[in-house]
Amino acid sequence: MSRLPFCFSIDFEDYTHDYKRRFGVPAKELNVDSLWISYEKIKSVINDLKVTNGVTFFTTGILAERVPDLVKQISDDGHEVGCHYYHHDPVYLDSVDSIAQNLDRAIDALSKASGQTIKGFRAPRFSIRATDKDVYKEIAKRFEYDSSFVAGETQNSDSLKEYFLSIDESLNEFPVYAKKSFAGKMNFRSGGTYLKFFPVDMTIATMKEAHSKGFMPMVYLHPYEFLSGSEFWIPWRDWSALPVTKRLIPYARQIQCLKVKNNSVIPKLKYIFRRFDHQGPMQNLLSKAG
Ligand SMILES: [Zn+2]
């Protein structure tokens, strides 16, 4: 039987800087050395997987602004550079005006660093609500495709296409699919923490269900998930700006992203690549979308 198609992509962001911002810890510098280490690791994994057609790196604008050489390297290595907003902040918290400014600033930095025309967008943590049509209109003004939407069992590719036509006919949506799991208690997505914490067969089942509904199965990962050392760890001393009660939980929770089961990710990815056929960077899907 021929293998089902899928797209593998990376959401390329600086965990250390983003996590500090999220919890109000002063964050100035990016963790440049660890970003390079993570990229070298991703590169070696991609080589092992014999990916010759490249993948999409949805990259934050601040990363392109501060570490342009890294974004240029990603582009020189044959990958697509997409946009992952300016900061790794939830899009729905920003006004439409501020979203437009953030997108423009990110596109400018990403295109300058990569030399590419930036065609695709994915919101950090898929943080655009389905009903935020004004936000999708801003995305449609700037990109050829979006991958921020989380589709579910009540949708299929036809109904989603119709929905996006009602927003802006020029925007192609390549959603990430969430399968109802654990008796409907969890919307299981094929990537990130879900891939890491749960048996790989749950990811496979999600990808198959996505395909059965006419969606391209997507698998996404982040730089820190390829490492299990202390590269992106934020040390206790950096949290001193927060009262102790406010820093205990986020400090301890880093372990969930940076350590627990991170060493299971690469074998699981290899398992998926043996069973599915990677389609290359997501911009390749545009010609098929018509
Ligand atoms: Zn992200």
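Our subject is the structure listed above.
This report concerns the structure included in the present document. (Residues numbered from 1 in each chain as written. Predicted model: local features only at pLDDT ≥ 70, side-chain atom pairs only at ≥ 80, totals over all residues. Heavy atoms only, no water.)

Take unusual backbone geometry next. Even without being glycine, Y85 reaches a positive phi, approximately 75°. Among the secondary structure elements, Y85 is positioned in the loop between β3 (80-83) and α5 (96-114). When its relative accessible area of 1% is taken as the criterion, Y85 is described as buried. Located in the positive-phi region is F182, a residue other than glycine, with phi close to 50°. With respect to the helices and strands, F182 occurs in the loop between β8 (176-181) and β9 (186-189). (Helix = DSSP H or I, 4+ residues; strand = E, 2+ residues; numbered from the N terminus. Buried < 20%, exposed > 50% of the residue type's maximum accessible area, 1.4 Å probe, protein only.)

Following the criterion strictly, the structure yields 27 aromatic pairs and no others. Consider the rings of Y163 and F164, whose centres lie 5.7 Å apart with planes at 90°: the pair is edge-to-face. Note on Y163: relative accessible area 24%, which makes it partly exposed. The exposure class assigned to F164 is buried, which follows from its relative accessible area of 3%. Among the aromatic residues, those joined into a ring-pair cluster are Y15, Y19, F23, Y224, W233, W236, W239 and Y251. Here the guanidinium or amino end of R275 rests over the ring plane of Y271, the centre of that ring lying 3.5 Å away. (Phe/Tyr/Trp six-rings, centres within 6.5 Å; stacked < 30°, edge-to-face > 60°. Lys NZ or Arg CZ within 6 Å of the ring centre and 35° of its normal.)

What follows covers the sheet that holds strand β6 (residues 150-151). Pairing is mixed in the open sheet, where 3 strands are placed in the order β6-β8-β9. What marks the edges here is a single partner per strand, and that holds for β6 and β9. Sheet analysis places β6 next to β8, joined by 2 bridges and oriented parallel. Counterpart to V150 in the pairing with β8 is V176. The sheet strands contacting helix α9 (residues 200-212) are β8 and β9, and the helix crosses β8 at an angle near 115°. (Pairing = 2+ DSSP bridges. Contact = heavy atoms within 4.5 Å. Axes fitted to C-alpha atoms, helices over the stretch in contact; angles between N-to-C directions.)

So, on to the nonpolar core. Within soluble globular proteins, side chains that are nonpolar tend to cluster in buried spots. With 74 residues, the main nonpolar core has F8 and F121 as its most contacted residues. Residue contributions to this core peak at 7 residues, all from α5. Sequence-distant contacts of F8, defined by excluding residues within four places in its chain, comprise V55, T56, V219, L221, F226, L269, F273 and H278. Of all hydrophobic cores here, the second largest spans 16 residues; its members include F174, F188, Y220 and L286. (Core = buried A, V, L, I, M, F, W, Y, C linked by side-chain atoms within 4.5 Å.)

Our focus in this paragraph is the packing of helix α1 (residues 15-22) against helix α10 (residues 244-258). In contact at an axis separation of 12 Å, α1 and α10 are set at 145° when each is read in the N-to-C sense. Of the two elements, α1 crosses α10, and the hand of that crossing is right-handed. When α1 is examined against α10, the residues Y15, Y19 and R22 are found in contact with a partner set consisting of P250, R253, Q254, C257 and L258. The class makeup of the residues in the contact of α1 with α10 is 5 nonpolar, 1 polar and 2 charged. (Left-handed = near helix turned anticlockwise from the far one by under 90°. Nonpolar A, V, L, I, M, F, W, Y, C, P; charged D, E, K, R; others polar.)

Along the chain, the position of S127 falls in the loop between β4 (120-121) and α6 (133-142). Polar contacts involving the side chain of S127 include one to the main-chain carbonyl oxygen of P124, which spans 2.7 Å. With sequence-adjacent residues up to four places away left out, S127 is seen in contact with D89, P90, V91 and Y92. (Polar contact = N/O pair within 3.5 Å; in protein donor to acceptor, adjacent residues only side chain to side chain.)

Moving on, we get to the coordination of the zinc ion. Octahedral metals with six donors have ideal donor angles of 90 or 180 degrees. Tetrahedral metals with four donors have an ideal donor angle of 109.5 degrees. Only E13 (OE), H84 (NE2) and H88 (NE2) from the protein coordinate the zinc ion, and they sit 2.0 to 2.1 Å from it. Mapped onto the polypeptide sequence, the residues donating to the zinc ion form the spacing pattern E-x70-H-x3-H. With E13 in the loop between β1 (4-12) and α1 and H88 in the loop between β3 and α5, this pair connects stretches of sequence that are 75 residues apart. Overall, the relative accessible area of 7% leaves H88 in the buried class. (Donors = N, O, S within 2.8 Å, 3.2 Å for Na, K, Ca; no water.)

All right, on to a nonpolar patch on the surface then. There is a patch of nonpolar side chains on the surface, built from W236, V244, L248 and I249 and spanning about 380 Å² of accessible area. Mapped onto the elements, V244 comes out in helix α10. Judged by its relative accessible area of 45%, V244 falls in the partly exposed class. (Patch = residues over 30% accessible without salt bridge, like charges linked within 9 Å, V, L, I, M, F, W, Y side chains within 5 Å. Areas by Shrake-Rupley, 256 points an atom, 1.4 Å probe, with all protein chains shown as cover. Salt bridge = Lys/Arg side-chain N within 4 Å of Asp/Glu carboxyl O.)

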